[in-house]
Amino acid sequence: MGQLSANKPSEAKTKHDREQPDIQKRYVTVMFSDIKGVVTVSEHEGDWITRKLKKIQHDFLQAAIEKNEGVLVQSINDGNLAYFKDALSALRAAVQIQKDIDHLNMSRTFNFPVLVRTGIHSGYGVVDEDDLDGDVVITASHFESAADWGGILLSENTYQNLLDKSEIYCRFMKQIRFSDNAENFNAYKAFWNQLEIELDLREQLLVTQTEQELKLKPKSSGWMAHRIMWGGAMSVLLAALILGVNFSWNSVFAEQHRTITNSPSLAIPSLADRPTR
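So, here's what we can say about the structure. Note that the structure is predicted; figures quoted are calculated from it, not measured. (Residues numbered from 1 in each chain as written. Predicted model: local features only at pLDDT ≥ 70, side-chain atom pairs only at ≥ 80, totals over all residues. Heavy atoms only, no water.)

Things to note about helix α4 (residues 87-106)
- Look at α4: 29 Å from first C-alpha to last across 20 residues, which is about the 28 Å you get at 1.5 Å a residue.
- The element α4 is extensively covered by neighbouring structure, given that 14 of its 20 residues are classed as buried.
- Two or three places before Leu88, at the opening of α4, Asp86 has a side-chain oxygen 3.2 Å from that residue's backbone nitrogen. (Helix = DSSP H or I, 4+ residues; strand = E, 2+ residues; numbered from the N terminus. Expected span 1.5 Å × (residues − 1). Buried < 20%, exposed > 50% of the residue type's maximum accessible area, 1.4 Å probe, protein only. Polar contact = N/O pair within 3.5 Å; in protein donor to acceptor, adjacent residues only side chain to side chain.)

Here we look at helix α7 (residues 194-216)
- Taking 1.5 Å of rise per residue, 23 residues should cover 33 Å, and α7 covers 33 Å from first to last C-alpha, within 8% of that figure.
- Within the sequence span of α7, burial applies to Ile197, Leu199, Asp200, Leu206 and Thr210.
- N-capping of α7 is provided by Asn193, with a side-chain oxygen placed 3.0 Å from the backbone N of Leu195.

A closer look at a negative patch on the surface
- Together, Asp128, Glu129, Asp130, Asp131 and Asp133 make up a negatively charged patch on the protein surface.
- Residue placement: Glu129 occurs in the loop between β4 (116-128) and β5 (131-133). (Patch = residues over 30% accessible without salt bridge, like charges linked within 9 Å, V, L, I, M, F, W, Y side chains within 5 Å. Areas by Shrake-Rupley, 256 points an atom, 1.4 Å probe, with all protein chains shown as cover. Salt bridge = Lys/Arg side-chain N within 4 Å of Asp/Glu carboxyl O. Lys, Arg positive; Asp, Glu negative; His and termini not counted. Charge placed at Lys NZ, Arg CZ, Asp CG, Glu CD.)

A few points about the pairing of strand β2 (residues 71-76)
- One ladder, built from 5 bridges, connects β2 with strand β3 (residues 79-84); its direction is antiparallel. Residue pairing in the sheet places Leu72 in a bridge with Ala82 of β3.
- Taking the residues that link successive antiparallel strands as the turn, the β2-β3 hairpin has 2 residues, and the phi of Asn77 there is positive, at about 55°. (Pairing = 2+ DSSP bridges.)

Overview of the packing of aromatic side chains
- On inspection of all chains with the given rule, the structure shows 7 aromatic pairs.
- Both rings, one in Tyr27 and one in Tyr124, keep their centres 5.1 Å apart while their planes meet at 80°; by these two values the pair is edge-to-face. Placement of the pair is Tyr27 in strand β1 (residues 24-35) and Tyr124 in strand β4, with a sequence separation of 97 residues.
- Using a relative accessible area of 32% as the deciding quantity, one classes Tyr27 as partly exposed.
- You can call Tyr124 partly exposed: its relative accessible area is 39%.
- For the ring pair Phe178 and Phe185, a centre distance of 5.0 Å and an interplane angle of 10° mean the geometry is stacked.
- Judged by relative accessible area, Phe185 falls into the buried class, the value being 9%.
- An aromatic cluster is built from Phe143, Phe178 and Phe185, whose rings are joined through pairwise contacts.
- A cation over an aromatic ring shows up here: Lys52 above the ring of Phe110, its NZ or CZ 5.7 Å from the ring centre.
- Lying across the ring of Trp149, Arg117 places its NZ or CZ 4.1 Å from the centre. (Phe/Tyr/Trp six-rings, centres within 6.5 Å; stacked < 30°, edge-to-face > 60°. Lys NZ or Arg CZ within 6 Å of the ring centre and 35° of its normal.)

Given below as structure tokens:
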């Protein structure tokens, strides 16, 4: 795995920093988050719903950051930047945001699913009161872009700096490259949904058992094929169960939306009925 440039500042940067006595370089953990489809929501649902969505997401974000002693540096459109004094605090905040968003979706506040993805990286940054700059910010944004919607992706630096790796289930997921000339970087996924955790643990256990049995029976190709087919069937069954729950939820979601739309007492106020500023 390559070493992040935030941990190895160039001689030119170091000299420049020495010439700026008011600049403080600190080792921080940066959290970069993004909400999906704000432009699309604005086009299809209008400015009122878009503003409501941004307000709720910002409230969730700010509450989670403050609870974990972080600093919200910037909020631009659908992106948010924050930093924390330690890696575990940042991860706790990211997990709390995902759980809050999940509860929001289950409450059927909107007639569409709200999805947030988060990237977290630890390194040296230039901190000036409520401002933050440096390679650590750029790297965190890359990890955010590489995360799945509804997911949390950590850098190797952040994972290794977790004070308690057992508190939140994380696992190495993939290697990512920021550009064609860049090195690969290890990325770890943080799991926050209990069903997804159980499914992943079962899959990892199956992989471990299969590898161990393969060492004991290297010539039994027929047995191994049967073992792989059985394991694949179990994974498909568990995934189908989770998807079935989601499809059922979506059906209820759609029915609830029709009820809200057709009910005068529950309908969203028209522009004429909304208070003016």
